[in-house]
Amino acid sequence: MKIKIGFFTIFLALSLLLDHTLFSFAAFLSALIHETGHILAAFLCKIRLRECKVGIYGAGLMPENGLFSYKKEITLCFFGPLFNLCTVALCLLTAPIRTAFSQYLTVTSLSMGLLNLLPICDFDGGRILYALLCLRLPQLYADRILRFLSFGCIFFLWSFSVYLLLRASSSLSLFIFSLSLFCKIFISERSF
């Protein structure tokens, strides 16, 4: 399997690793755990992977044989957040040996797991919902439903980030993240 890493991803990874804080390392480890879940699911579903593209918004696994069933898609997408949530459970079960790192790992894994389950295009939750809808509805309707829910979720994240910016002068990263998601999903697609 070939691994392709984008320039901005390398820059982001280096900035996290050069930060020398436990929180940055925990965030990096949470992302690694998440992607390991996807790779394990591909192995269990007997999906041979041609390459893995790592970008700012996560990794994309490219199968060798093109498309696969919706049920395998659901399994593949679910395992990433599942691994994050299992990490949270493991950290909480080891409460007597609570360290700052385990608290950071709990927060970053919980955030990554729950955020990825949101029904947003290209997120695990969005892909799971799309596959479930396609099992019952034509793809056109599934696409429209997912785009509507994606817009609603991104708008909520953006509104919440604006509230936090105005109220507590924090959460600039959530504001930039939600704005970049909106541009990636709704504006960049229309420019073609």
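Before reading further, recall that the structure is shown in the block above.
Attention in this report is confined to the structure presented alongside it.

Conventions adopted
- Residues numbered from 1 in each chain as written.
- Predicted model: local features only at pLDDT ≥ 70, side-chain atom pairs only at ≥ 80, totals over all residues.
- Heavy atoms only, no water.
- Helix = DSSP H or I, 4+ residues; strand = E, 2+ residues; numbered from the N terminus.
- Buried < 20%, exposed > 50% of the residue type's maximum accessible area, 1.4 Å probe, protein only.
- Contact = heavy atoms within 4.5 Å.
- Areas by Shrake-Rupley, 256 points an atom, 1.4 Å probe, with all protein chains shown as cover.
- Patch = residues over 30% accessible without salt bridge, like charges linked within 9 Å, V, L, I, M, F, W, Y side chains within 5 Å.
- Salt bridge = Lys/Arg side-chain N within 4 Å of Asp/Glu carboxyl O.
- Axes fitted to C-alpha atoms, helices over the stretch in contact; angles between N-to-C directions.
- Parallel < 35°, antiparallel > 145°, perpendicular 65-115°, else oblique.
- Left-handed = near helix turned anticlockwise from the far one by under 90°.
- Nonpolar A, V, L, I, M, F, W, Y, C, P; charged D, E, K, R; others polar.
- Expected span 1.5 Å × (residues − 1).
- Core = buried A, V, L, I, M, F, W, Y, C linked by side-chain atoms within 4.5 Å.
- Polar contact = N/O pair within 3.5 Å; in protein donor to acceptor, adjacent residues only side chain to side chain.

### Some remarks on the overall build of the protein chain
- The number of helices and strands found in the protein chain is 7 helices and 3 strands.
- Each helix (α) and strand (β) of the protein chain, taken in turn from the N terminus, gives the series β-α-α-β-β-α-α-α-α-α.
- Expressed as a percentage of the 192 residues in the protein chain, the buried residues total 31%.
- Contacts in the protein chain between residues at least 24 apart in sequence constitute 62% of all its contacts with a sequence separation of at least 6.
- When the accessible surface of the protein chain is split by element, carbon and sulfur atoms take 72% of a total near 12100 Å².

### Looking at a nonpolar patch on the surface
- Taken together, the side chains of Leu137, Leu140, Tyr141, Ile145, Phe148 and Leu149 make up a nonpolar region of the molecular surface, amounting to roughly 570 Å² of accessible area.
- Take Tyr141: it is sitting in helix 6 (residues 139-168).

### A short note on the packing of helix 2 (residues 22-44) against helix 3 (residues 70-93)
- Running from N to C, helix 2 and helix 3 cross one another at 140 degrees; their axes reach a closest spacing of 7 Å. Between helix 2 and helix 3, the angle falls in the class oblique. The handedness of the crossing between helix 2 and helix 3 comes out as right-handed. Counted together, Ser30, Ile33, His34, Thr36, Gly37, His38, Leu40, Ala41, Ala42 and Leu44 of helix 2 and Thr75, Leu76, Cys77, Phe79, Gly80, Pro81, Phe83, Asn84 and Thr87 of helix 3 form the full contact between these two elements.
- Its residues assigned to classes, the contact of helix 2 with helix 3 shows 10 nonpolar, 9 polar and no charged.

### Digging into helix 6
- Taking 1.5 Å of rise per residue, 30 residues should cover 44 Å, and helix 6 covers 42 Å from first to last C-alpha, within 8% of that figure.
- For helix 6, the set of buried residues is Ala142, Leu146, Arg147, Ser150, Cys153, Ile154, Leu157 and Ser161.

### Regarding the nonpolar core
- Core analysis: the largest hydrophobic core is formed by 10 residues, namely Ile120, Cys121, Phe123, Leu146, Cys153, Ile154, Leu157, Leu181, Ile185 and Phe186.
- Going through the elements one at a time, helix 6 and helix 7 (172-187) are the ones with two or more residues in this core.
- Setting aside residues up to four positions removed in sequence, Leu157 forms contacts with Leu115, Leu118, Ile120, Leu174 and Ser178.
- One finds Ala41, Ile47, Leu49 and Cys52 within the second-largest nonpolar core, a separate group that totals 9 residues.

### Remarks on the pattern of salt bridges
- All chains considered together, the criterion is met by 1 salt bridge.
- Here Arg127 ties to Glu73 by a salt bridge, and the two come within 2.7 Å at their closest N and O atoms. Of this pair, Arg127 sits in helix 5 (residues 124-136) while Glu73 sits in helix 3, and the two are 54 residues apart along the sequence.
- Note on Arg127: relative accessible area 30%, which makes it partly exposed.
- A relative accessible area of 16% places Glu73 in the buried class.

### Some points on helix 2
- Taking 1.5 Å per residue as the helical rise, helix 2 with its 23 residues ought to reach 33 Å, and the 32 Å between its terminal C-alpha atoms agrees with that figure.
- By the burial criterion, the buried members of helix 2 are Ser24, Ala26, Ser30, Ile33, His34, Glu35, Gly37, His38, Ala41 and Ala42.

### Topic: the side chain of Asn116
- If you trace the backbone, Asn116 turns up in helix 4 (residues 100-116).
- A residue is classified by how much of its surface remains accessible, and Asn116, at 16% relative accessible area, is buried.
- Here the side chain of Asn116 touches Met112 through a polar contact of 3.0 Å, landing on its backbone oxygen.
- In this structure Asn116 touches His34, Pro81, Phe123, Asp124 and Gly125, once residues within four positions along its chain are discounted.

### Some points on unusual backbone geometry
- A positive phi is found at Lys46, a non-glycine position, where the angle reads about 60 degrees.
- By the secondary structure assignment, Lys46 is in the loop between helix 2 and strand 2 (49-55).
- Classification of Lys46 as exposed rests on a relative accessible area of 71%.
- The phi angle at Asp122 is positive, at roughly 70 degrees, despite the residue not being glycine.
- Relative to the assigned elements, Asp122 resides in the loop between helix 4 and helix 5.

Remember, this is a structural readout, not a statement about activity or role.
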